[in-house]
Amino acid sequence: MIFGNSVIFLFLITGLCLSVWCYQDKDEFHEELMIKPLASGHVYSYFQFTTLWNKFHPHHIFDHCHLFPPPLGELIDRFNVRELHISLTEGLWRHEGWGYPVLDAPPGAELWVWFKPGTQNIDKNWKELNGALSGLLCASLNFIDSSNSMSPEMSFRPMGIEDPEQPLNSTLLRYGTLPREIVCTENLTPWKKLLPCDAKRGLATLLNAGYIHNTNYHSLGVHFRHICMNKECTETGLELRQTVSLVYDLVILGGSSPDWSIRKLFGLGLAGHCPLASTSTIYIDITSNQTGQTFRLSPLPDRTVVSHRGGHQTELAVYNVQNLDPDSMFNIALVHDKPRIFTQNIAPAIFANRYIVGYGQEFGGIVTKVHNRHWQPITIIFLENIPWFVPVYFHTLKIVSQGRTITPLVKRYVPGRERQRPYYLEIMVELPARSVTDISVQFDYVFLKWQEYPPDANHGFYIGSAVITAWLPVARNLTGLPQDGSLISSCINASRDGYMVRLRTESLIITLPTPDFSMPYNVICLACTVVALAFGPLHNITTKKLQLTKAGEPRGVFALFANRSAKFFVTLGLVAAASIFTLRHFNIIVF
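Quick summary incoming for the structure in this document. Note that the coordinates shown come from a computational prediction; the quantities given were computed from them, not determined experimentally.

**Comments concerning empty space enclosed by the protein**
- Taken as a whole and assessed by the stated rule, the structure comprises 5 cavities of 30 Å³ or more.
- Computed from the structure, the largest cavity encloses a volume of approximately 70 Å³.
- For the lining of the largest cavity, the elements supplying multiple residues, two or more each, are strand 7 (217-228) and strand 8 (236-249).
- The element contributing the most residues to the lining of the largest cavity is strand 7, with 4 residues.
- Considering only residue class, the lining of the largest cavity consists of 5 nonpolar, 6 polar and 1 charged.
- Taken as a whole, the second largest cavity encloses approximately 40 Å³ of empty space.
- Taken together, Ile86, Ser87, Leu88, Leu137, Asn187, Trp191, Leu220, Gly221 and Val222 form the lining of the second largest cavity.
- The set of elements that each furnish at least two residues to the lining of the second largest cavity consists of strand 3 (81-90), helix 5 (185-193) and strand 7.
- Here the residues of the lining of the second largest cavity sort into 6 nonpolar, 3 polar and no charged.

**Considering the sheet that holds strand 22 (residues 435-444)**
- A sheet is described by the order of its strands in space; here 5 strands give the open sequence 15-16-22-18-19, paired in antiparallel fashion. The sheet terminates laterally at strand 15 (350-359) and strand 19 (404-405), the two strands that pair on one side only.
- For strand 15 and strand 16 (residues 363-372), the ladder comprises 10 bridges, and the chain directions are antiparallel. For asparagine 353, the partnering residue across the bridge sits in strand 16 and is lysine 369.

**What to know about the side chain of arginine 504**
- Within the secondary structure, arginine 504 is located in strand 25 (residues 499-504).
- There is a polar contact of 3.5 Å between the side chain of arginine 504 and the backbone oxygen of arginine 502.
- With residues up to four places along the chain from it excluded, the contact list for arginine 504 reads His95, Asp104, Ala105, Pro106, Glu110, Trp112, Phe156, Ser465, Ala466 and Val467.

**Quick word on the pattern of salt bridges**
- Applying the stated criterion across every chain, the model contains 13 salt bridges.
- Taking the shortest distance from any N to any O, the salt bridge between aspartate 123 and arginine 174 comes out at 3.0 Å. Of the two residues, aspartate 123 is situated in helix 4 (residues 122-137) and arginine 174 in strand 6 (residues 173-178); the sequence distance between them amounts to 51 residues.
- For aspartate 123, a relative accessible area of 46% gives the class partly exposed.
- Each of Asp104, Glu110 and Arg504 takes part in salt bridges that share partners, so that together they form one network.

**Considering the nonpolar core**
- Ranked by internal contacts, the top residues of the largest apolar core, which has 82 residues, are Phe47, Phe49, Leu84, Leu133, Trp191, Ile282 and Ile284.
- When near neighbours in sequence (up to four residues on either side) are disregarded, leucine 133 contacts Leu72, Leu75, Leu84, Ile86, Leu111, Cys138 and Leu141.
- Grouped together as the second largest cluster of nonpolar side chains are 25 residues, Ala349, Leu425, Leu431 and Ala470 included.

Each value, and the rule that gives it
Residues numbered from 1 in each chain as written. Predicted model: local features only at pLDDT ≥ 70, side-chain atom pairs only at ≥ 80, totals over all residues. Heavy atoms only, no water. 1 Å grid on protein atoms, 1.4 Å probe; cavity = no way out; pocket = protein on both sides within 12 Å on 5 of 7 lines; lining within 4 Å. Points joined across faces, edges and corners; volume = space filled by probe spheres on them. Helix = DSSP H or I, 4+ residues; strand = E, 2+ residues; numbered from the N terminus. Nonpolar A, V, L, I, M, F, W, Y, C, P; charged D, E, K, R; others polar. Pairing = 2+ DSSP bridges. Polar contact = N/O pair within 3.5 Å; in protein donor to acceptor, adjacent residues only side chain to side chain. Contact = heavy atoms within 4.5 Å. Salt bridge = Lys/Arg side-chain N within 4 Å of Asp/Glu carboxyl O. Buried < 20%, exposed > 50% of the residue type's maximum accessible area, 1.4 Å probe, protein only. Core = buried A, V, L, I, M, F, W, Y, C linked by side-chain atoms within 4.5 Å.

Fair warning: the whole summary comes from geometry, so function is off the table for now.
What follows is the structure, encoded as structure tokens:
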């Protein structure tokens, strides 16, 4: 009896301790979806799944996780990660026609990480972290190493809070890209497993792989940082945002009809919210309904919000998914009253285009045209991440705007080293008002070792996107979250003194001098044939033995032919083996 009471008392104490622990370490999960019709006729859908964790214990914080994904937490804790940003993107975001996305990402894979101060051997942690994330997301992030990584000084400042006692040190930052990475279903499945409800309930059920990968643009993102939990920043916590950006072409989905619905975009309706979510909200941008081309939503939204931000007004229709019947499939449809007329889009303040110039395979150059549509000068930070096999020359850097040469305010350049580090070029430039500025640099084509060519060498080699960071005075075509906000709702009436945007340009493909990889096999065949024809008869003559046959016995023609054939093929095999050994000795072929 005494033993039983002791066990009950122990359980009560344990439950009390756990309740106190849970009270101190409060975590929340929010799922949001924003749908915005674009002026070009496309539809932009942005999913955001946010986990906020008010964690009080600085050490071994990921030993006990409730809503935060433990696999990702273990990697963050093991490799001393302060801030983490991953994007896997297929397609190119058209800034001139679509405006700015909530989170911009380059084609392929991009990864940048801030490590904690005092981290030992950052390069080793960076390499091991890439390998672990490669297995976690089924991506080729393990190919990011020191040969294609850099530490920019100005472009990638921390997005979360910084330690005021620790000066900012860019050596703690690592940035790398894989512009050739292909994003497919094998990346989406492990990404969804990091969600508290997986893809079984909530907005994640709309992420149908068949419909996602048929879009013009789709991007997966994982973003981790430290944030303030209140305005005074007396309490800090952790934020994990998992994002999906999609751009649908309605012509491909439904012919000439400009109408769309959730069922049409994602292939099925919505069956309730995630039970672990504190909020589950759908936002639809209906600002274009005020331009004369009217439409209606069915069913009607729960409420309508008008947001004033940076001198521009946005109207949002808000649906609370938690108020829906979980036993029925929910659908939102947008129907135009008249045939839709596509209006002219107002380009954003800053956007850029990029291309290669030059002739032949001897000299080349990279030109980036940066457009400033604002009526005031805007200062930007321009970052080039050029692979080591494209040697650029810093003295050929030219910045020209309207026929006038511009001197950069700040210049950072680190020459690349073959097979060890890329070329790092970062400059700060002030763009004149209403101008187009050309930033160009020249490079040479080099010869690589034959083992460094990919299997499809004639496809070409990729150069990653350039990164442009700007501080805009207006919020035109801006849908991004403020740096001090975590949810899409924080964009409402979020006027600031300025708005930071970070956009990426196109990735480039160049064709390096490529050898004819069929030649080793031709050499093998030719060498074996010539040696066999030259050595075979000689060997046959020198080893042939004449025999006398008795009268009346059949001549041994067939036996002699078989004997000669056997000798010939044995000799041919020996010669072929010797030829292959010789070719491998001189590194001509490798099996």
